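Residue-level structural notes
Here is how the chains run, residue by residue.
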Amino acid sequence: MTITAAPVIKNGCLIVRGNVVLTQVPDNVFISPSGSKSAFIGADSTNSDSRHVFNLGVLENRKFMCLFVAKIWWMIPRIGKSGSDIPLETQMLLIEAEENSVSDLVNEEKSNVNKFYVLVLPVLDGAFRTTLQGNESNELQFCYESGDPQVQTCQALEGVFVNSGDNPFDLLKDSIKILAKHKGTFSHLENKKTPAHLDWFGWCTWDAFYTDVTPTGIKQGLQSFKEGGISPKFLIIDDGWQSTVNEFRKEGQPLIEGTQFATRLADIKENSKFKVSESNGSCSNLKDLIHDIKQNYGLKYVYMWHALAGYWGGVLTSSENLKKYNPKLEYPVQSPGKIGNIRDIAMDSLEKYGVGLIDPTKIRDFYNDMHSYLADCGVDGVKVDVQNLLETLGAGYGGRVSITKQYHEALDASIEKNFVDNNLICCMSHNSDSIFTSKKSATARASEDFMPNEPSFQTLHIASVSFNSLLLGEVVVPDWDMFHSNHATAEFHGAARALGGCPVYVSDKPGKQDFEILKKLVLADGSILRARYAGRPTRDCLFIDPVMDGKSLLKIWNLNKLTGVVGVFNCQGAGTWLMKQAQESTQKSNIPLSGGVGPTDVEYLDEIAGETWTEECALYAFNKGSLFRVAKNKTIEVSLGVLECEIFTVSPIKILKENVCFAPIGLIKMYNSGGAVEDCTYGDVIKIKARGCGVFGAYSSEKPSCCKVDNKEEDFTYSCEDGLLTVNLRNDESRSFTEIEIVY
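Each value, and the rule that gives it
- Residues numbered from 1 in each chain as written.
- Predicted model: local features only at pLDDT ≥ 70, side-chain atom pairs only at ≥ 80, totals over all residues.
- Heavy atoms only, no water.
- Helix = DSSP H or I, 4+ residues; strand = E, 2+ residues; numbered from the N terminus.
- Rg over C-alpha atoms; globule rule 2.2 N^0.38 Å.
- Buried < 20%, exposed > 50% of the residue type's maximum accessible area, 1.4 Å probe, protein only.
- Contact = heavy atoms within 4.5 Å.
- Areas by Shrake-Rupley, 256 points an atom, 1.4 Å probe, with all protein chains shown as cover.
- Lys, Arg positive; Asp, Glu negative; His and termini not counted.
- Charge placed at Lys NZ, Arg CZ, Asp CG, Glu CD.
- Phe/Tyr/Trp six-rings, centres within 6.5 Å; stacked < 30°, edge-to-face > 60°.
- Lys NZ or Arg CZ within 6 Å of the ring centre and 35° of its normal.
- 1 Å grid on protein atoms, 1.4 Å probe; cavity = no way out; pocket = protein on both sides within 12 Å on 5 of 7 lines; lining within 4 Å.
- Points joined across faces, edges and corners; volume = space filled by probe spheres on them.
- Nonpolar A, V, L, I, M, F, W, Y, C, P; charged D, E, K, R; others polar.
- Pairing = 2+ DSSP bridges.
- Axes fitted to C-alpha atoms, helices over the stretch in contact; angles between N-to-C directions.
- Core = buried A, V, L, I, M, F, W, Y, C linked by side-chain atoms within 4.5 Å.

Re the overall build of the chain
Per the secondary structure count, the chain includes 13 helices and 43 strands. In summary, the chain has a C-alpha radius of gyration of 27 Å against a globular reference of 27 Å for 744 residues, a match within 12%. The dimensions of the chain, computed from C-alpha atoms along their principal axes, are 85 × 80 × 50 Å. Relative to its full complement of 744 residues, the chain shows a buried share of 60%. Sequence separation of 24 or more characterises 73% of the internal contacts of the chain that already satisfy a separation of 6 or more. Surface exposure of the chain reaches about 28400 Å², of which carbon and sulfur atoms provide 46%. Charge centroids of the chain, computed over 74 positive and 93 negative side chains, lie 3 Å from each other.

Overview of the packing of aromatic side chains
Throughout the structure, instances matching the rule amount to 25 aromatic pairs. A centroid spacing of 5.3 Å and a plane angle of 90° characterise the contact between Phe 492 and Phe 569, whose relative ring orientation is edge-to-face. With Phe 492 in helix H11 (residues 490-499) and Phe 569 in strand S29 (residues 564-569), this pair connects stretches of sequence that are 77 residues apart. Both residues of the pair, Phe 492 and Phe 569, belong to the buried class. Seen in terms of ring centroids, Phe 662 and Tyr 682 are 6.2 Å apart; in terms of plane orientation they differ by 70°. Their pairing is edge-to-face. Taken together, the residues span a long stretch of sequence, with Phe 662 in strand S35 (residues 661-667) and Tyr 682 in the loop between strand S36 (677-681) and strand S37 (685-690) at a distance of 20 residues. According to the relative accessible area criterion, Tyr 682 is partly exposed, its value standing at 29%. Chaining the aromatic ring pairs together yields one cluster made of Phe 201, Trp 203, Phe 209, Phe 225 and Phe 515. In this arrangement the basic side chain of Lys 300 is found over the ring face of Trp 200, its NZ or CZ atom lying 4.7 Å from the centre.

Observations regarding the environment of Leu 322
Counting through the fold element by element, Leu 322 comes out in the loop between strand S19 (301-307) and strand S20 (328-330). By relative accessible area, which is 1% here, Leu 322 ends up buried. For the pair Leu 322 and Asp 267, spaced 55 residues apart in the sequence, the C-alpha separation amounts to 6.6 Å.

Some thoughts on the layout of surface pockets
Looking at the largest pocket, its volume works out to about 990 Å³. Lining the largest pocket are 40 residues, and of these Trp 206, Asp 239, Phe 261, Trp 312 and Asp 449 lie nearest its centre. Counting residues per element, the ones that place at least two in the lining of the largest pocket are helix H2 (206-209), strand S17 (242-245), helix H6 (345-353) and strand S22 (381-385). Here the lining of the largest pocket gets 3 residues from one element, more than from any other, and that element is S17. A class-by-class count of the residues in the lining of the largest pocket yields 18 nonpolar, 10 polar and 12 charged. Approximately 520 Å³ is the volume attributed to the second largest pocket. What lines the second largest pocket is a set of 23 residues, among which Leu 189, Glu 190, Arg 532, Tyr 533 and Ala 534 lie closest to the centre. Looking at the lining of the second largest pocket, the elements with two or more residues in it are helix H1 (168-183) and strand S25 (477-479).

Section: unusual backbone geometry
Of note in this structure, Tyr 210 is not a glycine but carries a positive phi near 55°. In this structure, Tyr 210 sits in the loop between H2 and helix H3 (215-228). Residue class for Tyr 210 comes out partly exposed when judged on its relative accessible area of 33%. Unlike most non-glycine residues, Asn 711 shows phi in positive territory, near 70°. Relative to the elements of secondary structure, Asn 711 occurs in the loop between strand S39 (706-709) and strand S40 (712-714).

Remarks on the sheet that holds strand S43 (residues 738-743)
Judged by pairing direction, the sheet is antiparallel, and its 5 strands sit side by side in the order S36-S37-S43-S39-S40 without closing on themselves. Both outer strands of the open sheet, S36 and S40, are each paired with one neighbouring strand and no more. Going from strand to strand, the sheet's axes swing by 25° on average, the running direction of each strand aside. Judged from the 3 bridges that link them, S39 and S40 form a sheet pairing that is antiparallel. Paired with Val 709 across the two strands is Lys 712, which belongs to S40.

A few points about the nonpolar core
Ranked by size, the top nonpolar core spans 159 residues in total, and within it Trp 73, Leu 121, Ile 218, Phe 366 and Phe 569 carry the most contacts. The leading source of residues in this core is helix H10 (residues 458-472), at 8 residues. Not counting residues up to four positions away in its chain, the partners in contact with Phe 569 are Ile 462, Phe 492, Ala 495, Ala 496, Leu 499, Leu 553, Leu 554, Ile 556, Leu 640, Glu 644, Cys 645 and Ile 647. In terms of nonpolar packing, the next biggest core, distinct from the first, is built from 29 residues, Val 25, Val 118, Ala 156 and Val 162 among them.

Topic: the pairing of strand S12 (residues 128-134)
Judged by how many residues are buried, S12 sits mostly within the fold: 6 of 7 residues are covered. By the bridge criterion, 2 bridges tie strand S11 (residues 124-125) to S12 in an arrangement that is antiparallel. Each bridged residue has a counterpart across the sheet, and for Leu 124 the counterpart in S12 is Arg 129. One ladder, built from 6 bridges, connects S12 with strand S13 (residues 139-145); its direction is antiparallel. Paired with Arg 129 across the strands is Glu 145, a residue of S13. What sits between S12 and S13 in their antiparallel hairpin is a turn of 4 residues, with Asn 138 showing a positive phi close to 65°.

What follows is the structure, given as structure tokens:
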């Protein structure tokens, strides 16, 4: 029989590549082809409403991974096998399937078949936003809602996108590109300008001071970095600098819990903390502060924090300074899907006290006025937080999608006008309203905050950012958040940031840094060895639970210019997912877990390997300092205790004349060693262009006759046992790269 690639509905089944994905598909569900392999699914209703829940069919006995919004701000992953395992507010569903004919499905014994993947992606459709959910009958449903009682429909035309492919990473990339072109509401990351701060080490004031941030504290922090020998090149002055008012706090009385979130913005300019002169008279306002710290501490970029609505509670409607933006007190209304998962204290507060919402027709003026003022003060960009709040304020404004679109278009326009390099970090923006209206914004936080005082959150953080990056990484550069260099989990978090393809920044208190950790992340010039893509789980980890199944290690892969990198993390036994009950056998287990790691864990390795690749790789284990020669399809075993990790640089081995085999590794004292290898050419002499200074390592099957660094012969070490060749690279601030020559 003929098997078509495009999804079809036939005999009450959704069939993809001859494989039944859903059964018992209702008659009111229809499908519209979109290209040769993909399609949109819609449904009809007899009633017109602002919110519909349509049954798509029954999903059973299929391995899948989904991403859902557990709390209003953030997504987390969930692994399952049937429709009942799919939570409310699911925004991505990836299903593992097998290539076979429809008739084969009735046979219990199947011949060897090839795996492929089906992506089910709920999208925006005009004024409506779609999510997936399951029920106890294993029915997969999609929720289709506008967020405005006046915006109604009786038909969902293109609510769900379905596509398939042999490579899950290609599938996601191709699907997002198809959707971006078809919908026109957002752009793929490849078509965006990425902010300049991404490749430099940074410091955020949040955990260091919270809202008590002051100019004095900022200077003390920067001075302590300088004295330690590693200075940040970008700074985020987080919440605490703005002029705000808490109308619900009476003078002399204690804070009423929850009202802090209803605090409102009173002016676009800095508060009194940043206007009062310091004791030495060195700072009188924000502009003076920024000039001072850039001049004295070598900062390249300073970002300021603000909420999408101005502040958590919006703006003060009675403020004379803000009246021109026509603010109005509005009361958020959450979607039933959000309420059905986990309620958030901030939203509980805002539902009670309201939000001072700027008129969407005036929001462009607001952003431009604030950003132009900040730019005049020397600010280079902004971190814009609390973005998902808008989904609750769509009533009377054309719905959640409409108001989000207006605000994001205004934000993009202001960033482009006032800041040079698209310097915007989006935060608390994981709803599909924000993701699929992201035309220009190119960086967004990938998970809930790093929580230094929550031991059970550490493993959840690493697992969340890696899985969330599957979707987010096609639209933005995922930001894996700050961490603390002086923390029990600093190695765990630092290693993850090194291979995440994300910015690297900390929020250490002044004088509390661990510079030994930072030296593994930051080069002498303040830059970082950032990998090329978003770090994502390896293919064999996509459908396992690395936090709660009690047996699986999490592997995260990435690519550098000439090497691959795989991080292996034991996330088991230290925390539990929200909305999921842990089995007693998997709680607080300290037994080491083992797994295999090899070249095939790195996707697209062939593309950087070149023509003379032997199909073998050098694998360098960072923590153990061990070097292995491994065939392409082989693995080596790694064993890790809870909250332990290992980073493997994977470098394709090439053959030179006289059968000498060679592979550059990079700076072996850096977590992402291979990120230091900029170029490597093979001729009579191997010539390597490297970034940074320190111990540079390579695999060599023979001992070289000499090594040269910047045309000067240098001492080197060579191990006949494992082929590890090392040479020291000195710090030369006058050069961007070091030239290494290996002579045999």
